[in-house]
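Here are the chains, one letter per residue:
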Amino acid sequence: VVAADVSFSGGATVQRIRLLDDLDNGGYGGILDNDLIEYYQLLADKGDVQAQVGLGQLHYQGGRGVARDPEQALHYFLQAAESGNAVAMAFLGKIYLEGNSAVKQNNDTAYRYFKKAASLNNPVGQSGLGIMYLQGRGVEKDDKKAFEY
């Protein structure tokens, strides 16, 4: 009975980890298989937060055979952020701080996402707040607060 549940691929959890590792380490010879991307899209659409973050990063950064797609990146990061994922919140802060074809630059929204990410001890959220205070972007310039973050 157990043998029926065993697979050579390691199952959904192992495949999910492989995508995240491959995104970080440049695996698959630089190009991701369309079947693998579709698999992660299916997982993301079913609410898998790690798949949402992975696809958000893939579309945000582009490469590996996938074109940069700010709208898709925003879509996946928003889904993951709604589930409380700090990495997605930090990316949303960065997206709103910079602005792109998917969203207008918005310091208030960037601050909100960085603040949420920082409250979950995310270092990108913390540094994002630090930059905003250092440069006075949407907040009063404050070197002391910038240093605290």
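Predicted, not measured: the structure shown is a model, and the values here were computed from it. Note on numbering: residues in each chain are counted from 1, in written sequence order. Reporting of local features is limited, given that this is a predicted model, to residues whose pLDDT is at least 70; pairs of side-chain atoms are given and counted only at 80 or more, and all residues count toward the totals for whole chains, interfaces and linings. Hydrogens and waters are ignored; side-chain quantities use all the structure's heavy atoms.

## A look at helix α3 (residues 49-61)
Threshold: Secondary structure is summarised from DSSP: a helix means a run of H or I of at least four residues, a strand means a run of E of at least two, and numbering begins at the N terminus for each. One fewer than the residue count of a helix, multiplied by 1.5 Å, yields its expected span. Think of it in three bands: residues with accessible area under 20% of the maximum for their type are buried, residues over 50% are exposed, and the middle band is partly exposed, with areas taken using a 1.4 Å probe on protein chains only. Polar contact is defined as a pair of N or O atoms within 3.5 Å, subject to the rule that within protein one atom must be able to donate a hydrogen and the other to accept it, and that residues adjacent in sequence are counted only when both atoms are side-chain atoms.
Its 13 residues place the ends of α3 18 Å apart at the C-alpha level, agreeing with the 18 Å of an ideal helix rising 1.5 Å per residue. Across the 13 residues that make up α3, a large majority, ten, are buried. Turning to α3, its buried residues number three or more, namely Ala-51, Gln-52, Val-53, Gly-54, Leu-55, Gly-56, Gln-57, Leu-58, His-59 and Tyr-60. Backbone nitrogen of Gln-50 and a side-chain oxygen of the N-cap are separated by 3.1 Å at the start of α3; the cap is Asp-48. Gly-62, located one to two residues past α3, shows a positive phi value of around 70°.

## Regarding the side chain of His-59
Cut-off, in case you're wondering: Residue contacts are counted whenever heavy atoms from the two residues lie within 4.5 Å of one another.
In this structure, His-59 sits in helix α3. Setting aside chain neighbours within four positions, we find His-59 in contact with Val-66, Ala-67, Arg-68, Asp-69, Gln-72, Ala-73 and Tyr-76.

## Here we look at the nonpolar core
Applicable threshold: For this analysis, a nonpolar core means a set of buried residues of the types Ala, Val, Leu, Ile, Met, Phe, Trp, Tyr and Cys, connected via side-chain atoms within 4.5 Å.
In this structure, Phe-77, Leu-92 and Tyr-96 are the most contacted members of the largest nonpolar core, which totals 26 residues. Those elements that provide at least two residues to this core are α3, α4 (70-82), α5 (86-98), α6 (107-119) and α7 (123-135). Per element, the largest residue contribution to this core is eight residues, and it comes from α5. Filtering out sequence-adjacent residues up to four positions away, Leu-92 remains in contact with Leu-74, Phe-77, Leu-78, Ala-81 and Tyr-113. Leu-32, Tyr-40, Leu-43 and Tyr-76 belong to the second-largest nonpolar core, a separate cluster that totals eleven residues.

## So, the packing of aromatic side chains
Quick note on the threshold: Two rings from Phe, Tyr or Trp (for Trp, the six-membered ring) form a pair when their centres sit within 6.5 Å of each other. Planes less than 30 degrees apart are called stacked, planes more than 60 degrees apart edge-to-face, and all others tilted.
All told, the structure shown has seven aromatic pairs when counted by the stated rule. Ring geometry for Tyr-39 versus Tyr-40: centroids 5.3 Å apart, planes at 80°, classification edge-to-face. Note on Tyr-39: relative accessible area 26%, which makes it partly exposed. Among the residues examined, Tyr-40 registers a relative accessible area of 0% and is labelled buried. Look at Phe-77 and Phe-91: their rings are 4.6 Å apart centre to centre, the planes differ by 10°, and that puts the pair in the stacked class. Separated by 14 residues along the polypeptide, Phe-77 in helix α4 and Phe-91 in helix α5 bring together distant segments of the chain. Assigned by exposure class, Phe-77 and Phe-91 land together as buried.

## Points about the packing of α4 against α5
Where we set the bar: Angles run from 0 to 180 degrees between N-to-C directions of axes, and those axes are lines fitted to C-alpha atoms, restricted for helices to the stretch in contact. Just so you know how the angles are binned, under 35 degrees is roughly parallel, over 145 roughly antiparallel, 65 to 115 roughly perpendicular, and the rest oblique. Rotating anticlockwise by less than a right angle from the far helix to the near helix defines a left-handed crossing, while the corresponding clockwise rotation defines a right-handed one. Three classes are used: nonpolar for Ala, Val, Leu, Ile, Met, Phe, Trp, Tyr, Cys and Pro, charged for Asp, Glu, Lys and Arg, and polar for all others, with Gly counted as polar.
Following both chains from N to C, one finds α4 and α5 inclined at 135°, their axes separated by 8 Å at the closest point. Taken together, the axes of α4 and α5 lie oblique to each other. Seen along the crossing, α4 lies across α5 with a hand that is left-handed. Judged by residue contacts, Leu-74, Phe-77, Leu-78, Ala-80 and Ala-81 of α4 engage Ala-88, Met-89, Phe-91, Leu-92, Ile-95 and Tyr-96 from α5. Each residue belonging to the contact of α4 with α5 can be placed in one class, and the counts come to eleven nonpolar, no polar and no charged.

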